[in-house]
Amino acid sequence: MKFSKIIILLFICLVSCKNRPSTTLRGTLAKNAMVVSARKEASEIGVQILKQGGNAFDAMMATEMALAVVYPYAGNLGGGGFLVYRLADGTKGALDYREKAPLAAYKDMYLDDKGNVIKDLSTVGSKAVGVPGTIAGIFEAQRKHGRLDVETILQPVIDLAQNGFVVTQHQANRFAAYDSIFEAVNGKQLIFNKSISAGDTLKNLALANTLKRISSYGENDFYNGEIAEVLVDYFKAKGSVITAEDLKKYKPKWRNPITFKYDDLVITSMSPPSSGGICLGQIMKMIEPFDLNEYNHNSLKYIQVLVEAEKRAYADRSYYLGDPDFVGIPTETLLSDNYLEERMSTFSFGTPTPSNELSYGKISGYESDETTHYSIVDQFGNAIAVTTTLNGAYGSKLYVEELGFFLNNEMDDFSSKPGVPNTYGLIGAEANSIAPEKRMLSAMTPTIVEKEGKLYMTLGTPGGSTIITSVLQTILNVHEFGFSMQEAINAPRFHHQWLPDEIRMEPNSFDKNLMNQLEHLGYPINQTRSSIIGKVDGVLVLPNGTLEGGADYRGDDTALGF
């Protein structure tokens, strides 16, 4: 084991049972700007664009496309995502470039004649694919707020695809693990296969050519040009219902983000069709009356308070949340003090509230592991938090060989059948049922935090249903316990999502006596469901203005700045 990994594991042992770490472990420090992403090459290209005079939105385009090259597990052209931003003048906003259901989609499209969900139909192959939004999203954001021309931004990404990148051990392991399903779904071996070893250089010339066309002709080529023609022919050959009209009609959408207060912090996160902002706000408001700092970090009482608040928020998520263009969402009530006080009123330290006795809250009148996140703060004072995904690992496993990228399996994020869990065990209801051109519910939680009117942090994570709780714990680690950003990210995490009724805990990270106490109280513990809970990437602004980039050791994530 590398020396750095040993130090991190020693740190985890310390913070699992103590209020504060005895020493401060800082992440990457920079005076002017910072990019934190899932791969070093993507962070390097983002920083390169900033050094050329670009801003966070130019770096967004470059970083996102670089991730599509070096991190095909989740980086993508064939998926979608969410952006939350804060400009230097304090203006905040959000962009929804989530995938959409095709025009030919319908509510029961994944059910058999008996009304049962057909296994794998919404997760693997052509029927699982939603209309991609990534290219439209990065162009929309860069066009509105960027400074550089697209050719300048994409050239280093094209060079990366042409010249190749060095495969990490994590990647080689994944290529080997997914090789057989890639071949089964695509009918041939892909460039990502079990023969690739760590240290090999992997080139993607097809993707380089696709990026060249996008650089020259813009997003129109992807949705209504030569690339679109290739995609439509591919969809037809594979039996997908996505048509040329679906691509032509796709548009990203500017949204008002969710903003709420917690102590002296102002937190801004993604609004529906992401559940991230509302659920994060609900949890933090429910736990705010408790003196978390006095309980000590990851102590029995601390875990109880967070878990019980999480149960209630995820129960509400399952019933009320969906695409706001299709369903009415009682956002104001869900985040109101009175409602949340009532939701938490049944909590007792003496005994857990069983999930089967806990439903959504009553309102009168009246919702992926394999995601990726990056955080950027530029030299001009702008900050962005972006989470993007194919949903499952390598999405639907369908690989458009001529274009060099995977397609999403985002249709699984709809409720195929109300009450039946999706890939991540999340239960959905009518609000998230399938309909043509509807956006599927997400847990992605790109988040920006302000303190005393100034930028304080930007962060987010992959992790499917665990995204919200990973962002929550990272913010609390900094705010309540005085951790650095790197310490906050390194600390072991836990998760509860209402159903199944269990606390997921990172294996070999929590004290056995603590887990025994939880189980004795009636909290089932699961250390096998999620070996990794989130891979958080974030930037913290220190009191002297220095930026601290925290990159999650659980992956190949890297923070770079200048």
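For the structure, see preceding data.
A brief report on the enclosed structure follows. All values derive from a computational prediction rather than experimental measurement.

Basis of the calculations
- Residues numbered from 1 in each chain as written.
- Predicted model: local features only at pLDDT ≥ 70, side-chain atom pairs only at ≥ 80, totals over all residues.
- Heavy atoms only, no water.
- Helix = DSSP H or I, 4+ residues; strand = E, 2+ residues; numbered from the N terminus.
- Rg over C-alpha atoms; globule rule 2.2 N^0.38 Å.
- Buried < 20%, exposed > 50% of the residue type's maximum accessible area, 1.4 Å probe, protein only.
- Areas by Shrake-Rupley, 256 points an atom, 1.4 Å probe, with all protein chains shown as cover.
- Contact = heavy atoms within 4.5 Å.
- Core = buried A, V, L, I, M, F, W, Y, C linked by side-chain atoms within 4.5 Å.
- Pairing = 2+ DSSP bridges.
- Patch = residues over 30% accessible without salt bridge, like charges linked within 9 Å, V, L, I, M, F, W, Y side chains within 5 Å.
- Salt bridge = Lys/Arg side-chain N within 4 Å of Asp/Glu carboxyl O.
- Lys, Arg positive; Asp, Glu negative; His and termini not counted.
- Charge placed at Lys NZ, Arg CZ, Asp CG, Glu CD.
- Axes fitted to C-alpha atoms, helices over the stretch in contact; angles between N-to-C directions.
- Parallel < 35°, antiparallel > 145°, perpendicular 65-115°, else oblique.
- Left-handed = near helix turned anticlockwise from the far one by under 90°.

**Details of the overall build of the protein chain**
When its secondary structure is counted, the protein chain shows 18 helices and 21 strands. The C-alpha radius of gyration of the protein chain comes to 22 Å, within 12% of the 24 Å expected for a compact globule of 562 residues. Taken along its principal axes, the extent of the C-alpha atoms in the protein chain is 60 × 60 × 45 Å. Expressed as a percentage of its 562 residues, the buried residues of the protein chain come to 64%. Of the roughly 19,900 Å² of accessible surface on the protein chain, a fraction of 49% belongs to carbon and sulfur atoms.

**Brief notes about the environment of L292**
One can find L292 in helix α12 (residues 292-295). Using a relative accessible area of 1% as the deciding quantity, one classes L292 as buried. As for L292 and I303, which are separated by eleven residues in sequence, their C-alpha atoms are 9.6 Å apart. Not counting residues up to four positions away in its chain, the partners in contact with L292 are Y262, I287, Y302, V305, L306, L476, E480 and F481.

**Describing the nonpolar core**
Of all hydrophobic cores here, the largest spans 83 residues; its most connected members are L77, L83, L231 and I384. Looking at this core element by element, the count peaks at twelve residues for helix α3 (residues 56-70). Once residues lying within four places of it in the same chain are set aside, the contact partners of L77 are M65, A68, P132, T134, I135, L207, T210, L211, I214, F222 and F405.

**A closer look at the sheet that holds strand β18 (residues 525-526)**
Taken in spatial order, the three strands line up as β16-β17-β18 in an open sheet, and their pairing is mixed. Two strands close off the open sheet at either side, each with one partner strand: β16 (494-495) and β18. Pairing geometry for strand β17 (residues 503-505) and β18, over two bridges, is parallel. Paired with R504 across the strands is N526, a residue of β18.

**Description of a negative patch on the surface**
A cluster of like negative charges, contributed by D263, D264, E288 and E452, occupies part of the molecular surface. Along the chain, E288 falls in the loop between α11 (276-287) and α12.

**Focus on the pattern of salt bridges**
All chains considered together, the criterion is met by 28 salt bridges. A salt bridge links R98 to E410, with the nearest nitrogen and oxygen atoms 2.9 Å apart. E410 gets classed as buried once you look at its relative accessible area, which sits at 0%. Where K100 meets E437, a salt bridge forms, and the shortest distance between an N and an O atom there is 3.8 Å. Judged by relative accessible area, E437 falls into the partly exposed class, the value being 23%. Among the charged side chains, a network of salt bridges with common partners joins D96, K253, R255, D323, D325 and R439.

**Digging into the pairing of strand β4 (residues 92-97)**
Burial analysis of β4 places five of its six residues in the buried class, the great majority of the element. By the bridge criterion, six bridges tie strand β3 (residues 80-86) to β4 in an arrangement that is antiparallel. The partner of G81 across the bridge, within β4, is Y97. The hairpin formed by β3 and β4 contains five residues between the paired strands, and G90 there has a positive phi angle of roughly 95°. As judged from the three bridges shared by β4 and strand β7 (residues 253-255), these two strands associate in the antiparallel manner. Bridge pairing in β7 links L95 to W254.

**Let's talk about the packing of α3 against helix α5 (residues 150-163)**
Running from N to C, α3 and α5 point in directions that differ by 20°, and their axes come no closer than 9 Å. Overall, the two elements α3 and α5 adopt an arrangement that is roughly parallel. In this structure, α3 crosses over α5, and the sense of that crossing is right-handed. From α3, D58, M61, A62, M65, A66, V69 and V70 reach across to α5, where they touch V150, I153, L154, V157, L160 and A161.

**Structural notes on unusual backbone geometry**
The omega torsion of the bond from P272 to P273 falls at 20°, within 30 degrees of zero and hence cis. Within the secondary structure, P273 is located in the loop between β9 (265-269) and α11. Its identity as a non-glycine residue notwithstanding, N391 has a phi of 80°, on the positive side. By the element assignment, N391 lies in the loop between β11 (383-389) and β12 (399-400). Residue class for N391 comes out buried when judged on its relative accessible area of 1%. Backbone geometry places E452, a non-glycine residue, at a positive phi of 55°. Looking at the secondary structure, you find E452 in the loop between β14 (447-451) and β15 (454-460).

**Comments concerning the pairing of β9**
Along β9, four of the five residues are buried, which leaves the element largely enclosed by surrounding structure. Bridge analysis of strand β8 (residues 258-262) against β9 gives five bridges, and the strand direction is antiparallel. When the sheet's bridge partners are listed, T259 is paired in β9 with T268. Hairpin geometry of β8 and β9 is characterised by an intervening segment of two residues between the two adjacent antiparallel strands and by a positive phi of about 50° at D263. Inspection of the sheet shows β9 paired to β14 by five bridges, in the antiparallel sense. Of the residues in β14, the one forming a bridge with V266 is E450.

**Some words on the sheet that holds β14**
Read from one edge of the open sheet, seven strands run β1-β20-β19-β15-β14-β9-β8, paired in antiparallel fashion. Each of the sheet's edge strands pairs with one partner strand only, and the pair in question is β1 (28-30) and β8. The sheet shows a mean angle of 20° between the axes of neighbouring strands, taken without regard to direction. Contacts from α11 reach β8, β9 and β14 within the one sheet, and its direction differs from that of β8 by about 15°. Where helix α16 (residues 467-479) meets the sheet, its contacts fall on β8, β9, β14, β15 and β19 (537-541), and the angle it forms with β15 comes to roughly 140°.

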